[in-house]
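For reference, the chains in residue letters:
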Amino acid sequence: MERLETEIAIIGGGIVGCSTALHLAMRGVPCVLLEQGQTGAAASGVNFGGVRRNGRALEELPIAARAFEIWRRMSELLGTDCEYAITGHLKLARSEADMTLMARHAEAQAAYGVRVEMLSRNALVARYPYFGASVLGAAWCDGDGQANPRLVGPAFARAAAKAGATLREHVRVASVIKDGERFLVSGGDHPDHRLEVRARVLVNAAGAWANQVAARFGEQADMQAMTPQMVVTEPCPYFLVPALGVVGGDTYIRQIPRGNIVFGGGYGDTALEVGRAAVVPKETLGACAIATKLIPRLAEATVIRVWSGFEGITADHLPVFGPSLTTPGLIHAFGFSGHGFALSPGVGAIVAELAATGHTPTPLGPLGIGRFAGKAIRSC
Ligand SMILES: Cc1cc2nc3c(=O)[nH]c(=O)nc-3n(C[C@H](O)[C@H](O)[C@H](O)COP(=O)(O)OP(=O)(O)OC[C@H]3O[C@@H](n4cnc5c(N)ncnc54)[C@H](O)[C@@H]3O)c2cc1C
């Protein structure tokens, strides 16, 4: 059994955990991250790759502002840009009610410094002639973008290790307790890989599994597993520069400059205990029908791969972010409800501030786990 003493222990090596480790290491704070599989391989590695604020919940925008500062200097921070590109983001309306909803939200977002321009159908097709008749207009955010999710988590992990953080993959945390002033975190299923970490602070960045950690300290978020399905086509001539979403979120589409078109829609089958979600073919067919209605020329593209992933989604679709109410030194950062790829680089910076100093200048408002206290809980 290997025993490590550290300042901060992190459970979970998604982008949240790896970004936290990097920011702690850059502050010179010792930390140990434990990941049951490979870093960046769960939700962080299989998502759509949208890096947007357009249409996001207002409560998340201060975190998004921190995240976007980091996205913009990704190359400098990680030594790679992870194919991050500011392409703009269009949120599409398919009814007048959608347009009204987006126009109201655009006004509210302006107070947070997020500039969103409303485009009528005529203005939209003058710029982007490829949309089908079902699209009635859009909200355009020129500062939003996209990146390659397969690259981001591992790049944060490499940078964190280089900066001095200790990262251990294939170590599943099986037990965690508070022993006096220190957390005692034990993991590793194989007798040769048993590990015990003692730390002053514990970061719960266990993604869809995080309620299992929270439960050990008498806390729970109302959170279910969400299993979005994704599709990628063969390369086609590059035409779709902005990333796309729709009001209601039933599809989201982007094209990478190599030509492949990536889109999401429908849900797979959950199996949290085996660590993956299975693709449901009829959901894929439904996603193709929705996407081709928005952009008819997509019907010419051949699908070459489908997959699904899972993520925790809370009852109010907001993350669980901030200190525990039951246990001093425990910080929760999970349940990013499909928004965490864009936010995670900033989440890590904020968690590192909280863990190292107990404070952050970024307002976390109503995101704490306390909002679920005393309520009926569903848990994945
Ligand atoms: C298909 C799909 C599409 C998405 N599209 C977008 C998008 O376009 N834009 C966007 O912003 N967000 C998107 N998201 C959401 C985004 O991917 C997540 O919010 C984000 O990756 C969460 O990062 P994380 O680090 O919290 O979680 P994860 O990446 O899931 O990492 C958590 C890690 O904790 C580990 N772990 C759990 N329990 C233990 C344990 N006991 N011991 C050790 N390790 C443990 C897991 O193995 C996992 O690696 C999407 C999600 C999915 C599934």
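Above this text you will find the structure in question.
Keep in mind the model is a prediction, meaning the values are calculated, not measured.

About the criteria used
Residues numbered from 1 in each chain as written. Predicted model: local features only at pLDDT ≥ 70, side-chain atom pairs only at ≥ 80, totals over all residues. Near = placed C-beta within 6 Å. Helix = DSSP H or I, 4+ residues; strand = E, 2+ residues; numbered from the N terminus. Nonpolar A, V, L, I, M, F, W, Y, C, P; charged D, E, K, R; others polar. Domains from an automatic or database assignment. Pairing = 2+ DSSP bridges. Axes fitted to C-alpha atoms, helices over the stretch in contact; angles between N-to-C directions. Contact = placed C-beta atoms within 7 Å.

**Let's talk about the site of the ligand**
Argument step 1. The local shell around the ligand holds 40 residues, among which G12, G14, G50, G207 and G340 are the closest.
Argument step 2. Where the shell around the ligand is concerned, the elements lending two or more residues are helix 1 (15-26), helix 2 (43-46), strand 15 (228-233) and helix 10 (340-357).
Argument step 3. The element best represented in the shell around the ligand is helix 10, accounting for four residues.
Argument step 4. Each residue belonging to the shell around the ligand can be placed in one class, and the counts come to 20 nonpolar, 17 polar and three charged.
Argument step 5. A domain split of the shell around the ligand shows at least three residues from each of domain 1 (2-48 + 150-220 + 317-372) and domain 3 (228-309).

**With respect to the sheet that holds strand 15**
Argument step 1. With respect to topology, eight strands assemble into an open sheet ordered 6-7-5-16-17-18-15-19, the strand pairing being mixed. Since the sheet does not close on itself, it has two edges, and those belong to strand 6 (117-120) and strand 19 (303-308), each with one partner. Averaged over neighbouring strand pairs, the angle between their axes works out to 20 degrees when direction is ignored.
Argument step 2. In this structure, strand 15 lies alongside strand 19, joined through five bridges in antiparallel fashion. Pairing of V232 across the sheet is with R305, part of strand 19.
Argument step 3. Against the sheet, helix 9 (residues 281-294) contacts strand 5 (89-93), strand 15, strand 17 (252-255), strand 18 (261-267) and strand 19, and its axis sits at roughly 125 degrees relative to strand 18.

**Comments concerning the sheet that holds strand 10 (residues 173-179)**
Argument step 1. Read across the open sheet, the four strands follow the order 1-12-11-10; overall the sheet is mixed. Both edges of this open sheet fall to strand 1 (2-5) and strand 10, since each of them pairs with a single strand only. Sheet twist, expressed as the mean angle between neighbouring strand axes with direction ignored, is 15 degrees.
Argument step 2. As paired strands, strand 1 and strand 12 (residues 195-199) are joined by four bridges and run parallel to one another. Paired with E2 across the two strands is L195, which belongs to strand 12.

Keep in mind these numbers describe shape, not what the thing actually does.
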